[in-house]
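Given next are the chains, with one letter for each unit.
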Amino acid sequence: MLKQRIITALILLPIALGGFFLLNGGDFALFIGFVVTLGAWEWARLAGLVAQSLRIAYAAVVAGGLMLLYLMPDLAPWVLGASVIWWALATWLVLTYPRSGELWSSAACRLLIGLLVLLPAWQGLVLLKHWPLGNWLILAVMVLVWAADIGAYFSGRAFGKRKLAPQVSPGKSWEGVYGGLAVSLLITLGVGIARDWSVGQVLLGLLGAVVVVMSSVVGDLTESMFKRREGIKDSSNLLPGHGGVLDRIDSLTAAIPMFAVLLWAAEWGVM
């Protein structure tokens, strides 16, 4: 399994980095759209659709939605606003699972939720790419999430005692969350010092990092909740040793739109 993980990572890493940071405009939107469409195919399974024809049909619907958003950029504020509402609701659903499971048990509801998970993630990345220092913004949100994941892993292993959401993901602990958050805050503080931010900017940056990191935790737990409901371990086996696409981007699906909204609120870009 370790060998598979390493080989897959070595193949995917240059493709991902090249797609994120070397492509621009329509090429970038298409690249991210391809990843999101694969995620949609996997999400259809989480929604209870087993037949390949139905899963492909759902992926086609999501691809069509991405095309619509690309052709109608004025929809971006509405898409990201819906995302903020969804992730606030998802937090409550995760904390109250399995009781909350009855509220979204139907396939239709879960398919709709898939749109709220996937479309804003694409929209957020496209916006970030178009804003000043777009590549650096994309790198920033990824580093925040990756640092939080790594910090949570080691902190959880060393100090984890209090379960974060035992009915959803028994392996995660509050101590892991605190450790991951601490690593992300230290990175944010370091960036603020290096870029000579004012005290106010540093405080806002730290607050924003907290929101983004906690959103990423909810994104991770949300996918785990849907997988647990369906009784599956991975969203698919598209990535040998790593599971599926959603297993790799679940945290980012929540963190990216939240990051974009925070930057918009800070008047970084114009939607």
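Residues numbered from 1 in each chain as written. Predicted model: local features only at pLDDT ≥ 70, side-chain atom pairs only at ≥ 80, totals over all residues. Heavy atoms only, no water.

### Topic: the packing of helix α6 (residues 134-159) against helix α9 (residues 245-265)
How two helices pack is summed up by the angle between their axes together with the distance between the axes.
Part 1 of the argument: Across the interface, α6 lies against α9 with an axial gap of 10 Å and an inter-helix angle of 135°. Comparing the axis directions of α6 and α9 gives the class oblique. In this structure, α6 crosses over α9, and the sense of that crossing is right-handed. Residues Leu137, Ala140, Val141, Met142, Val145 and Asp149 of α6 form the contact with α9, whose participating residues are Ser251, Leu252, Ala255, Ile256, Phe259 and Leu263. (Axes fitted to C-alpha atoms, helices over the stretch in contact; angles between N-to-C directions. Helix = DSSP H or I, 4+ residues; strand = E, 2+ residues; numbered from the N terminus. Parallel < 35°, antiparallel > 145°, perpendicular 65-115°, else oblique. Left-handed = near helix turned anticlockwise from the far one by under 90°. Contact = heavy atoms within 4.5 Å.)

### A few points about the pairing of strand β2 (residues 169-173)
Part 1 of the argument: Note that strand β1 (residues 163-165) and β2 share two bridges and pair antiparallel. Note on β2: the bridge partner recorded for Ala165 is Ser169.
Part 2 of the argument: The turn joining β1 and β2, which pair antiparallel and follow one another in sequence, is formed by three residues. (Pairing = 2+ DSSP bridges.)

### Overview of the packing of helix α4 (residues 76-95) against α9
Part 1 of the argument: Where α4 contacts α9, the two axes come as close as 10 Å, and the packing angle between them is 125°. Between α4 and α9, the angle falls in the class oblique. α4 and α9 meet at a crossing whose hand is left-handed. On α9, the residues touching Leu80, Ser83, Val84 and Trp87 of α4 are Thr253, Ala254, Pro257, Met258, Ala260 and Val261.
Part 2 of the argument: Here the contact of α4 with α9 is built from residues that sort into eight nonpolar, two polar and no charged. (Nonpolar A, V, L, I, M, F, W, Y, C, P; charged D, E, K, R; others polar.)

### So, the pattern of salt bridges
Part 1 of the argument: Overall, the coordinates contain eight salt bridges when judged by the stated rule.
Part 2 of the argument: Between Arg45 and Glu230 there is a salt bridge, with its nearest N and O atoms 2.9 Å apart. Of this pair, Arg45 sits in helix α2 (residues 25-46) while Glu230 sits in helix α8 (residues 199-230), and the two are 185 residues apart along the sequence.
Part 3 of the argument: Residue Glu230 is classed as partly exposed on the basis of its relative accessible area of 23%.
Part 4 of the argument: As a salt-bridge pair, Arg110 and Glu230 come within 2.8 Å of each other at their nearest N and O atoms. Of this pair, Arg110 sits in helix α5 (residues 107-130) while Glu230 sits in helix α8, placing them 120 residues apart in sequence. (Salt bridge = Lys/Arg side-chain N within 4 Å of Asp/Glu carboxyl O. Buried < 20%, exposed > 50% of the residue type's maximum accessible area, 1.4 Å probe, protein only.)

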